[in-house]
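# Observations on the three-dimensional arrangement
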Amino acid sequence: MGDSKRWSAADIAALLWVVLHFFTSIHSYFESWYYTYTGWSWAFLGIWLLGQVVIDVWISSGKPGLLRFVKWYWGVSAVLAAGGLFVSTLSVSFWVVILLWTICAFLTPLYQLLAFAWLLFDKLLGIRGSTLYGVEWSAILLFCLVHFIYFAWLHRRAERKYNR
């Protein structure tokens, strides 16, 4: 929220996106791993993805503090995605790590991205078995890394602009 005590349209839009993010995270996690998704499930995920694109564009001209936060948000998401790739390809099970990862993944876009990856690679491209997990998590890791690099670049650019 800005300096005034009134909420702007941007504040309300950001709050609605956070609510949508948590709803789709929880929904993606508890929907029997996508096999019971309905049209509404995919509609909410589509709205979430569109909201993600809008948020990315909207904050691209933000101040260094905001961009630093978003940069590290995507950095943590990339680390969690790398952990998901590690666990899925090596069939490693550290119950404490997996529990922590599961909790943290609700705050990041991993469950939403996993739903889209499942739709793309399993349903549309027909990749099955253990290959599916490696491909899905690799795509999610790439998505998160691209976002991290993009926001790191924006953060550096904003710092140079504000330090002049």
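Described below are features of the structure shown in this document. Owing to the predicted nature of the structure, the values given are computational and were not obtained by experimental measurement.

What follows deals with the overall build of the chain. Each helix and strand in the chain was counted, giving 6 helices and 0 strands. Mapped in sequence order, the helices and strands of the chain form the string α-α-α-α-α-α. Burial status across the chain gives 38% buried among its 164 residues. A separation threshold of at least 6 residues defines the contact pool for the chain, and within that pool the share at least 24 residues apart is 75%. Counting only carbon and sulfur atoms, one obtains 72% of the accessible surface of the chain, whose full area is about 10,200 Å².

Enumeration according to the criterion identifies 1 salt bridge in this entry. Residues aspartate 122 and arginine 128 are paired through a salt bridge, measuring 2.1 Å at the closest nitrogen-oxygen approach. For arginine 128, a relative accessible area of 53% gives the class exposed.

Before going further, it helps to spend a moment on the packing of aromatic side chains. Centre-to-centre distance and the angle between the planes together describe a pair of aromatic rings. For the structure on display, the rule yields 11 aromatic pairs. Ring centres of tryptophan 42 and tryptophan 118 lie 6.3 Å apart, and the angle between their planes is 5°; this geometry places the pair in the stacked category. With tryptophan 42 in helix 2 (residues 39-58) and tryptophan 118 in helix 5 (residues 110-124), this residue pair connects regions lying 76 residues apart in the sequence. A relative accessible area of 6% means that tryptophan 118 is categorised as buried. Between phenylalanine 106 and tyrosine 111, the ring centres sit 5.2 Å apart and the planes meet at 55°, which makes this aromatic pair tilted. Here the aromatic cluster, defined as three or more aromatic residues joined through ring pairs, consists of Phe23, Trp40 and Phe44.

The rules we used
Residues numbered from 1 in each chain as written. Predicted model: local features only at pLDDT ≥ 70, side-chain atom pairs only at ≥ 80, totals over all residues. Heavy atoms only, no water. Helix = DSSP H or I, 4+ residues; strand = E, 2+ residues; numbered from the N terminus. Buried < 20%, exposed > 50% of the residue type's maximum accessible area, 1.4 Å probe, protein only. Contact = heavy atoms within 4.5 Å. Areas by Shrake-Rupley, 256 points an atom, 1.4 Å probe, with all protein chains shown as cover. Salt bridge = Lys/Arg side-chain N within 4 Å of Asp/Glu carboxyl O. Phe/Tyr/Trp six-rings, centres within 6.5 Å; stacked < 30°, edge-to-face > 60°.

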